Structure formats: C-alpha cells, structure tokens
Amino acid sequence: MTEPSTPILPPPALPTRAEDVPAAFAARFNSGDPEAVRALYEPRAAFVPESGVPVHGDAAIAAQNAPFLALGLPISVRTRQVHVAGDGDVALLVVDWEIGDEVRATATDVARRGADGYWRYVIDSPFGAAPRSD
C-alpha cells in the first residue's frame with residue numbers, strides 16, 4: 001500500500017498591488033519553497049538582517065531567509081502601513097510579522113513594481129523597526 005502524497009502546489013502569483021506584497025511573501029514562505037520566496041526579490045535587492053549589515057544578491061538573501069524557513073513554522077504578517085510614491089511604482093511597507101513563538105519583529109521594506117507589473121522587494125529589512133509593544 002502506498003502512502004498518500006501531499007500535492008505540491010505552485011507558488012501564488014506575484015503581487016500586482018503594493019499592499020499585497022506582505023501576504024504574497026507569507027504565502028510563499030509558508031509553502032516552504034526557497035525559490036518561491038526568492039522570486040519576490042529584485043535581482044539586485046538588499047536584505048538587512050538583525051545585525052544591520054545588508055547583504056545583496058540571490059544567494060546571500062536566500063542564506064538569510066534559510067534559517068527562518070528551516071524552522072518549519074508558518075509566518076503570519078499584519079500590514080501596518082503602505083505608502084506608495086513616485087509614479088505609483090515604489091512603496092514603503094511597515095509590517096508586523098511573527099514565526100510561531102520563535103521570532104517576531106516589525107519590518108520596514110521597500111518594494112517596486114517592475115516593468116512586468118509585479119511588485120518585488122528592493123530592500124527587505126525584517127528587523128527594521130522597533131518590535132511592536134503588546
């Protein structure tokens with residue numbers, strides 16, 4: 001007898017609105033697929049870890065996200081603010097997030113709408129704001 005397999009679902013579509021970027025990140029993160037997460041970043045994006053020293057590029061950003069994905073716990077996000085600037089193609093996102101009881105913080109991120117109409121992170125700073133007070 002064979003065991004039932006869990007279907008592998010394709011990652012959700014990339015977001016077409018700035019306010020959908022955090023939820024898209026959560027859905028892709030919760031899929032457990034590092035490549036799905038990586039697709040939410042521009043090729044020359046910056047990731048600012050808790051140390052405050054930014055890293056750049058796909059491999060470095062994947063290495064920063066890997067320990068969080070390895071927890072095997074879902075991430076939950078709550079968008080506080082979305083401010084769109086320029087010609088409506090750059091946005092500042094302030095997002096409370098938590099992964100189980102392991103880690104929580106408030107991110108300050110910058111996303112940009114690409115020529116393809118999809119929004120991706122330019123700067124992902126998951127620890128960019130003081131932790132929320134409960």
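The numbering scheme is per chain: residues are counted from 1 as the chain's sequence reads. Where local features are concerned, this predicted model is filtered to residues with pLDDT of at least 70; where side-chain atom pairs are given and counted, the filter is 80 or more; whole-chain, interface and lining totals use all residues. Hydrogen atoms and water are omitted, and side-chain values are computed over all heavy atoms in the structure.

Caption draft 1: Representation of the sheet that holds strand β4 (residues 90–99). At least two DSSP bridges between two strands are required for those strands to pair. Secondary structure counts use DSSP, requiring at least four H or I residues in a row for a helix and at least two E residues in a row for a strand, with both numbered from the N terminus. Taken in spatial order, the six strands make up an open sheet running β2-β1-β6-β5-β4-β3, and their pairing is mixed. Pairing within the sheet leaves two strands with one partner each, and these edge strands are β2 (55–56) and β3 (75–85). Inspection of the sheet shows strand β1 (residues 41–47) paired to β2 by two bridges, in the antiparallel sense. Bridge pairing in β2 places A46 opposite H56. Seen against the sheet, helix α1 (residues 21–31) touches β1, β3, β4, β5 (103–113) and β6 (119–124) and runs at an angle of roughly 150° to β3. Every residue pair with non-hydrogen atoms within 4.5 Å of one another is taken to be in contact. The axes are straight lines fitted to the C-alpha atoms, using for helices just the contacting stretch, and the angles between their N-to-C directions are given from 0 to 180°.

Caption draft 2: Layout of the pattern of salt bridges. Note on definitions: salt bridges are taken to be side-chain nitrogens of Lys or Arg within 4 Å of carboxyl oxygens of Asp or Glu. Under the criterion given, the structure shown has nine salt bridges. Between E19 and R17 there is a salt bridge; the shortest N-O distance is 3.2 Å. Residues D20 and R17 are paired through a salt bridge, measuring 2.8 Å at the closest nitrogen-oxygen approach. Summary of the burial criterion: residues with accessible area below 20% of their type's maximum are buried, those above 50% are exposed, and those between are partly exposed, where the area comes from a 1.4 Å probe applied to protein chains only. R17 sits in the partly exposed class, given a relative accessible area of 42%. One continuous salt-bridge network, built from bridges that share partners, spans R17, E19 and D20.

Caption draft 3: Quick look at helix α3 (residues 58–70). Take the number of residues in a helix, subtract one, and multiply by 1.5 Å to get its expected span. Helix length check: α3 (13 residues) gives 18 Å between terminal C-alpha atoms against 18 Å at 1.5 Å per residue, within 8%. The seven residues ending at a residue and the seven starting there each receive a fitted axis; the angle between those axes is the bend at that residue. In the structure, α3 departs most strongly from a straight axis at Q64, where the bend amounts to approximately 30° and where the proline P67 lies between one and four residues downstream. Listing the buried residues of α3 in full gives I61, N65, F68 and L69. On its buried side, α3 packs onto α1, α2 (34–38), β1, β2, β4 and β5.

Caption draft 4: Structural context of the packing of aromatic side chains. When the centres of two rings from Phe, Tyr and Trp lie within 6.5 Å, Trp using its six-membered ring, the rings pair. Their planes under 30 degrees apart give stacked, over 60 give edge-to-face, and anything left gives tilted. On inspection of all chains with the given rule, the structure shows six aromatic pairs. Taking 6.0 Å as the distance between ring centres and 80° as the angle between the ring planes, the aromatic pair formed by F68 and W97 counts as edge-to-face. A residue pair is termed long-range when its members are at least 10 positions apart, and F68 in helix α3 and W97 in strand β4 qualify at 29 residues. Looking at F68, the relative accessible area reads 19%, which means it is buried.

Caption draft 5: Region of interest: the nonpolar core. The definition of a nonpolar core used throughout is a set of buried Ala, Val, Leu, Ile, Met, Phe, Trp, Tyr and Cys residues joined through side-chain atoms within 4.5 Å. Formed by 28 residues in total, the largest nonpolar core has its most connected members in F25, F29, Y41 and W97. Of all the elements in the fold, those that place two or more residues in this core are α1, β1, α3, β4, β5 and β6.

Caption draft 6: Up close: the environment of A115. Mapping A115 onto the fold places it in the loop between β5 and β6. Taking relative accessible area as the criterion, A115 reaches 92% and is therefore assigned exposed. Remark: the alpha-carbon pair of A115 and D89, spanning 26 residues in sequence, is separated by 9.6 Å.

Caption draft 7: Local environment of α1. Buried residues of α1: V21, P22, A24, F25, A26, R28 and F29, and no others. Positive backbone phi, at 80°, marks G32, one or two positions downstream of α1.

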